[in-house]
Amino acid sequence: MAYRPSERRNQKKQTPPEQPNLVPIMNLFVTIIPFLLVMIVISQVAMVALNFSAPGGGGSDAVGDGAGVQDKEIKLIVMATEGNQIFPGFEIRGWEDKPIMLRNSANNDQYNFLSLNRTLVNIKRRDQKLENITIIVYPDVMYGTLIQTIDLCKQNGFPNVIYKPASVSYGTGG
Amino acid sequence: MRKVRRKFYETTNLSITSLLDILTIILVFLIKNVSMEAQKMTVPENMSLPTTITNQELIDNGLTVLVKIYPDRILIGTDNLKAGTLQQLVEDAETREIIYNYMQHEASQIAKLNTRKGTNYQPCLLIQADKQIPCQYITQLVKIGAGASFANIYFSTLQDQNWLQATANSVQ
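Asks: Help me understand the overall build of chain A, please; the structure alone is not making it clear to me.
Replies: Helix and strand content of chain A: 4 helices and 6 strands. The helix and strand sequence of chain A, counted from the amino end, reads α-α-β-β-β-β-α-β-α-β. For chain A, the residues scored as buried account for 44% of the 174 residues in total. Expressed as a percentage of contacts within chain A between residues at least 6 apart in sequence, the contacts between residues at least 24 apart total 57%. Accessible surface, chain A as shown: approximately 10400 Å² in total, 53% of it carbon and sulfur.

Encoded structure:
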């Protein structure tokens with residue numbers, strides 16, 4: 001169909017459809033995504049829980065009646081250096097007649113977690129019903145040591161960890 | 001004279017639609033993960049958390065109140081309000097009272113929320129402390145928390161399945 005010249009001038013050119021301008025959106029994304037990526041934590045954050053709602057005070061890890069009374073009260077004492085008398089180590093009372101002393105013979109400055117782990121495995125193997133353990137901690141024991149001790153107890157079948165600070169000074173023997 | 005015209009090729013637009021799709025998906029994913037609650041679970045700056053194998057979940061209806069313990073300061077709440085120093089925690093009753101009042105206020109807010117909305121949220125105390133801090137300060141804080149109606153106390157750690165083996169290797 002032919003148009004008159006005047007009409008032909010008014011004809012609009014056929015142009016391809018315009019794409020929306022995505023550059024501002026891209027700018028926004030390029031800014032936000034690195035920001036959010038920085039905030040994401042790569043390492044796996046975990047939690048260790050203590051529960052104080054169970055009867056008996058002190059602090060039991062069991063909810064409600066979970067921390068029932070058991071025949072033996074196993075006490076795990078975490079010691080630290082105090083003067084020349086106390087060494088970094090563990091002492092387990094209430095399991096055998098004599099307290100079990102666990103110390104690191106190779107390096108006196110470090111706690112012997114391997115030995116503690118073995119002992120806890122043995123205790124649990126000999127008495128499957130045991131679930132409660134009381135951890136008594138000296139004031140100068142590091143927080144990291146306390147948490148790793150609680151961790152080992154929980155890993156070895158003692159879900160009810162009772163945390164107590166050492167209120168009396170440590171004497172020799174049992 | 002004949003003019004030689006150089007032939008210009010039309011530049012094709014870079015199609016960024018698919019890239020935009022990917023970025024949108026990533027953005028949604030990241031926004032979902034980076035929430036205020038997730039912030040409580042992250043590792044605070046300049047703090048070295050202890051490592052554990054255990055990873056216990058927060059109780060379903062738990063609302064956390066955060067306490068960060070650095071060697072030189074104690075920060076409470078998500079706003080990181082400075083409550084004092086470790087020394088003050090042990091020696092200064094006023095510092096202990098500030099922390100206690102804050103915790104009790106937070107616990108009462110949760111109780112009010114429960115009354116208003118008919119929910120059953122439990123106040124949980126989340127302690128993030130540097131592993132080199134002596135336990136006496138942690139004990140003090142746990143006592144304050146337990147006194148302020150916090151039945152559930154959590155300690156932030158880093159999960160490491162091999163820390164025991166690593167310790168054994170370092171000893172040998």
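Asks: Would you mind going over the nonpolar core with me for this structure?
Replies: Judged by nonpolar contacts, the single largest core of 64 residues is most densely connected at I92 and I135 of chain A together with I69, M103, I127 and F155 of chain B. Residues in contact with I92 of chain A, not counting those within four places in the same chain, are I74, K75, L76, K98, P99, I100, L102, L116, T119 and I123 of chain A. In terms of nonpolar packing, the next biggest core, distinct from the first, is built from 10 residues, M26, F29 and I33 of chain A together with L20 of chain B among them.

Asks: Which parts of the structure should I look at to understand helix α4 (residues 143–155) of chain A?
Replies: All names here are of chain A. With 13 residues, α4 extends 18 Å between its outermost C-alpha atoms, agreeing within 8% with the 18 Å of an ideal straight helix rising 1.5 Å per residue. When α4 is considered as a whole, its buried residues turn out to be Y143, G144, T145, L146, I147, Q148, T149, I150, D151, L152, C153 and K154. Count one or two residues on from α4 and you reach G157, which has phi positive near 90°.

Asks: Explain the pairing of strand β2 (residues 75–79) of chain A to me, please; I cannot follow it from the model alone.
Replies: Residues and elements named next belong to chain A. Counting buried positions along β2 gives 4 out of 5 residues, so the element sits mostly inside the fold. Judged from the 5 bridges that link them, β2 and strand β3 (residues 89–93) form a sheet pairing that is antiparallel. In the strand pairing of β3, L76 is matched with I92. In terms of strand pairing, β2 meets strand β5 (residues 132–137) through 4 bridges, oriented parallel. Across the sheet, the residue bridging to V78 is V137, located in β5.

Asks: Help me understand the interface of chain B and chain A in this model?
Replies: Note: interface size is frequently given as the accessible area lost on complex formation between the parts. On the side of chain A, 47 residues touch chain B, which itself brings 55 residues to the contact. The largest contributions to the chain B side of the interface with chain A come from Q56, C135 and F155 of chain B, which together make up 13% of the buried area. Our enumeration of links across chain B and chain A arrives at 0 salt bridges. Along the contact surface separating chain B from chain A lie 18 residue pairs in polar contact (both at pLDDT 80 or more). When residues of the side of chain B that touches chain A are assigned to their parent elements, the largest contribution, 9 residues, is made by helix α1 (residues 17–33) of chain B. Residues belonging to the side of chain B that touches chain A are distributed by class as follows: 32 nonpolar, 19 polar and 4 charged. As paired elements, strand β1 (residues 45–51) of chain A and strand β6 (residues 152–159) of chain B share 7 bridges and run antiparallel to each other. Bridging across to β6 of chain B, V45 of chain A finds its partner in L158 of chain B.

Asks: I keep staring at the packing of helix α3 (residues 113–126) of chain A against α4 of chain A and nothing clicks. Help me out?
Replies: Residues and elements named next belong to chain A. In contact at an axis separation of 10 Å, α3 and α4 are set at 30° when each is read in the N-to-C sense. As far as their axial angle goes, α4 and α3 are roughly parallel. Considering the relative orientation of α3 and α4, their crossing is right-handed. For the pair formed by α3 and α4, the contact residues are F113, L116, N117 and L120 on the first element and T145, Q148, T149, L152 and C153 on the second. Of the residues belonging to the contact of α3 with α4, the class tally is 5 nonpolar, 4 polar and no charged.

Asks: How should the sheet that holds β3 of chain A be read in this particular structure?
Replies: Sheet strands pair by backbone hydrogen bonding; their relative direction is either parallel or antiparallel. Residue and element names in this part refer to chain A. Pairing in this open sheet of 5 strands is mixed, and the strands run β4-β3-β2-β5-β6 from one edge to the other. Pairing within the sheet leaves two strands with one partner each, and these edge strands are β4 (100–103) and β6 (160–165). For this sheet, the mean angle separating the axes of adjacent strands, direction not counted, is 20°. Across the sheet, α4 touches β2, β3, β5 and β6, and the angle it forms with β5 is around 165°.

Asks: Which parts of the structure should I look at to understand the pattern of salt bridges?
Replies: When charged atoms on two side chains of opposite charge get close, those side chains can pair. Taken as a whole, this structure holds 3 salt bridges over all chains when the rule is applied. With a closest N to O distance of 2.4 Å, R93 of chain A and E91 of chain A form a salt bridge. E91 of chain A gets classed as buried once you look at its relative accessible area, which sits at 0%. One salt bridge in this structure joins D72 of chain B and R73 of chain B, with 3.0 Å as the shortest N-O distance.

Asks: Looking at this structure, I do not really get the side chain of T95 of chain B. What am I missing?
Replies: The topology assignment puts T95 of chain B in helix α4 (residues 93–117). With residues near it in sequence (within four places) discarded, T95 of chain B still touches A83, G84, Q88 and L89 of chain B.

Asks: Which parts of the structure should I look at to understand the environment of A49 of chain A?
Replies: Within the fold, A49 of chain A resides in strand β1. Using a relative accessible area of 9% as the deciding quantity, one classes A49 of chain A as buried.

Asks: What should I look at first to understand helix α5 (residues 135–147) of chain B in this one?
Replies: All names here are of chain B. For α5, which comprises 13 residues, the first-to-last C-alpha distance of 18 Å matches the rise-based estimate of 18 Å (1.5 Å per residue) to within 8%. Listing the buried residues of α5 in full gives C135, Y137, I138, T139, L141, V142, I144 and G145. Looking one or two residues beyond α5, the residue adopting positive phi is S149, at roughly 70°.

Conventions we followed
- The numbers attached to residues start from 1 for each chain and follow its sequence in the written order.
- The naming scheme follows written order: chains are lettered A onward, ligands numbered 1 onward.
- Side-chain atom pairs in this predicted model are given and counted only at pLDDT of 80 or more, local residue features only at pLDDT of at least 70, and totals for whole chains, interfaces and linings cover all residues.
- Excluding hydrogens and water, the side-chain values take into account all heavy atoms of the structure.
- Every helix listed is a DSSP run of H or I at least four residues long, and every strand listed is a run of E at least two residues long, numbered separately from the N terminus.
- Relative accessible area decides the class of each residue, using a 1.4 Å probe on protein chains only: under 20% of the type maximum gives buried, over 50% gives exposed, and in between gives partly exposed.
- It only takes one pair of heavy atoms within 4.5 Å for two residues to be counted as in contact.
- Areas reported here follow the Shrake-Rupley algorithm with a probe of radius 1.4 Å; residue values treat only the protein chains shown as occluding.
- Among the buried residues, those of types Ala, Val, Leu, Ile, Met, Phe, Trp, Tyr and Cys that are joined through side-chain atoms within 4.5 Å form a nonpolar core.
- For a helix, the expected span equals 1.5 Å multiplied by the number of residues minus one.
- Only strands joined by at least two bridges in the DSSP assignment are considered to pair.
- The quantity reported as buried area is the accessible area (1.4 Å probe) lost by two parts once they are put together, taken as the sum for both.
- Throughout this description, the term salt bridge denotes a Lys or Arg side-chain nitrogen within 4 Å of a carboxyl oxygen of Asp or Glu.
- Polar contacts, as used here, are pairs of N or O atoms within 3.5 Å; protein pairs need one atom able to donate a hydrogen and one able to accept it. Residues neighboring in sequence count only if both atoms are side-chain atoms.
- Residues are grouped as follows: Ala, Val, Leu, Ile, Met, Phe, Trp, Tyr, Cys and Pro are nonpolar; Asp, Glu, Lys and Arg are charged; all remaining types, including Gly, are polar.
- Axis angles are defined between N-to-C directions and span 0 to 180 degrees, where every axis is a line fitted to C-alpha atoms and, for a helix, only to the segment in contact.
- Orientation categories follow fixed angle ranges, with anything under 35 degrees roughly parallel, anything over 145 roughly antiparallel, 65 to 115 roughly perpendicular, and all other angles oblique.
- Definitions for this section: a left-handed crossing has its near helix turned counterclockwise from the far helix by less than a right angle. A right-handed crossing has that turn clockwise.

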